[in-house]
Amino acid sequence: MNPFISGMKDAGAEVELLYTKSLNVKPCLTCSACMMNPEGACVQDDDMKELMPKFKSADIWVFGTPVYSDAISSGLKIILERTLPILAPFLEIRDGHSRYRLRSDSGKGEIVLVSSCSLWEKENFKPLEQHICALSENFGKKYSGSLLRPHASILPGMIENKAPVDNIFEAAKNTGTELISKGEILETNLETISRPLLPLEAYTQTMNDYFNSTIKQIS
Ligand SMILES: Cc1cc2nc3c(=O)[nH]c(=O)nc-3n(C[C@H](O)[C@H](O)[C@H](O)COP(=O)(O)O)c2cc1C
């Protein structure tokens, strides 16, 4: 996430980084009061009051989340559920699909996903990508792409051992710069970000060695 943000800033973007852990956002009460009231205001008094104007005015929503239980993190999920008042309480048919109507102040823009997971295959991000794609369509936004880092658990150790992984961070930075300066995300950069760090069998062995030594240390 940090190199991507740094690239966006280099290209002149104004970026605000918010950590879900530092926010006080309570789960949706499912009362639908926010949808029914003209201002789309939630009955709960928490940090969502400051977040909603940011959601409405931002040109790009960048969601950073690890893969947890084949999904986005619970902290991010709670916040996304609370964006319900971006939608109006009426259905319409958009792109031949039943969707909630968007409020006039809901904003357009695009969505980018940044994620990491510990399993080896890139396919482990499929449920997340599908989720973010569906969300983009329902919020009337463009899904611009995903920066995905599979078998990320080994990356800190590789950095420490000075393994040649710099191109991953450079590609993430370039992706940020190009998104802002050219309005596009290059597939070649995304491939570099997700590139295999070591073969599946070697990764499995390395991780199992790590688990075994950790278990030994604590027992
Ligand atoms: C509760 C929990 C659930 C997880 N579920 C998955 C999973 O379903 N698939 C996967 O590949 N990694 C899973 N992981 C591993 C995280 O995705 C991994 O630790 C993270 O991407 C590494 O990023 P970090 O260095 O920011 O923690 C899980 C981790 C935790 C703590």
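Residues numbered from 1 in each chain as written. Predicted model: local features only at pLDDT ≥ 70, side-chain atom pairs only at ≥ 80, totals over all residues.

## Quick word on the overall build of the protein chain
Okay, so step 1: Counting secondary structure elements, the protein chain contains nine helices and five strands.
Okay, so step 2: Mapped from its N terminus to its C terminus, the protein chain presents α and β elements in the order α-α-α-β-α-β-β-β-α-β-α-α-α-α.
Okay, so step 3: Counting only C-alpha atoms, the protein chain reaches 55 × 45 × 35 Å along its principal axes.
Okay, so step 4: Per-residue burial over the protein chain gives 22% buried out of 219 residues.
Okay, so step 5: For the protein chain, the proportion of contacts with a sequence separation of at least 24, taken over those separated by at least 6, is 69%. (Helix = DSSP H or I, 4+ residues; strand = E, 2+ residues; numbered from the N terminus. Buried ≥ 20, exposed ≤ 12 C-beta atoms within 10 Å, placed from the backbone. Contact = placed C-beta atoms within 7 Å.)

## Quick look at helix α9 (residues 200-218)
Okay, so step 1: With 19 residues, α9 extends 27 Å between its outermost C-alpha atoms, agreeing within 8% with the 27 Å of an ideal straight helix rising 1.5 Å per residue.
Okay, so step 2: Burial runs low along α9: only zero of the 19 residues are buried. (Expected span 1.5 Å × (residues − 1).)

## Here's the deal with the packing of helix α1 (residues 2-10) against helix α7 (residues 166-181)
Okay, so step 1: Direction vectors running N to C along α1 and α7 enclose 35°, while the axes themselves pass 7 Å from each other. The handedness of the crossing between α1 and α7 comes out as right-handed. Between α1, through P3, F4, I5, S6, G7, M8 and D10, and α7, the contact on the second element is made entirely by F169, A172, K173, N174, T175, G176, T177, L179 and I180. (Axes fitted to C-alpha atoms, helices over the stretch in contact; angles between N-to-C directions. Left-handed = near helix turned anticlockwise from the far one by under 90°.)

## A few points about the pairing of strand β4 (residues 110-116)
Okay, so step 1: In terms of burial, β4 is a largely internal element, five of the seven residues being buried.
Okay, so step 2: By the bridge criterion, seven bridges tie strand β1 (residues 60-66) to β4 in an arrangement that is parallel. Looking across to β4, one finds that W61 is bridged to I111.
Okay, so step 3: Alignment of β4 against strand β5 (residues 142-149), held across seven bridges, turns out to be parallel. Of the residues in β5, the one forming a bridge with S116 is R149. (Pairing = 2+ DSSP bridges.)

## A word on α1
Okay, so step 1: Restricting attention to buried positions, one finds in α1 the residues F4, G7 and M8. Buried positions in α1, seen along its axis, are confined to an arc of 100° and lie on one side of it.
Okay, so step 2: Note on α1: the residue one or two positions beyond its end, G12, has a positive phi of about 100°. (Arc of directions from axis to C-beta.)

## Remarks on the environment of E170
Okay, so step 1: Following the sequence through the fold, E170 ends up in helix α7.
Okay, so step 2: Owing to 15 C-beta atoms within 10 Å, E170 belongs among the partly exposed residues under this scheme.
Okay, so step 3: For the pair E170 and T192, spaced 22 residues apart in the sequence, the C-alpha separation amounts to 9.2 Å.

## Focus on the nonpolar core
Okay, so step 1: In this structure, L113, V114, L128, L147, A172 and I193 are the most contacted members of the largest nonpolar core, which totals 22 residues.
Okay, so step 2: Sorting the residues of this core by element identifies α1, β1, β4, α5 (126-138), β5 and α7 as the ones contributing at least two each.
Okay, so step 3: Ignoring any residue separated from it by four or fewer positions in sequence, one finds A172 in contact with P3, F4, L147 and I193. (Core = buried A, V, L, I, M, F, W, Y, C linked by C-beta atoms within 7 Å.)

## What to know about the environment of S144
Okay, so step 1: Position of S144 relative to the elements: it lies in strand β5.
Okay, so step 2: Overall, the presence of 19 C-beta atoms within 10 Å leaves S144 in the partly exposed class.
Okay, so step 3: For the pair S144 and V62, spaced 82 residues apart in sequence, the C-alpha to C-alpha distance is 9.9 Å.
Okay, so step 4: Sequence-distant contacts of S144, defined by excluding residues within four places in its chain, comprise E110, I111, V112, L179 and I185.

## Some details on the sheet that holds β4
Okay, so step 1: Reading across from one edge, β1-β4-β5 is the order of the three strands in this open sheet, with parallel pairing throughout. Looking at which strands have only one partner, the edges of the open sheet turn out to be β1 and β5. Across the sheet, the mean angle separating the axes of adjacent strands is 15° when strand polarity is ignored.
Okay, so step 2: Across the sheet, α5 lies against β1, β4 and β5, angled at about 165° from β4, the strand it touches most.

## Here we look at unusual backbone geometry
Peptide bonds are, in most cases, trans, and in most cases residues other than glycine have a negative phi.
Okay, so step 1: Positive phi, normally seen in glycine, also occurs at S32, with a value near 65°.
Okay, so step 2: Mapped onto the fold, S32 is located in the loop between α1 and α2 (33-36).
Okay, so step 3: You will see that D95, though not glycine, has its phi angle at about 50°, which is positive.

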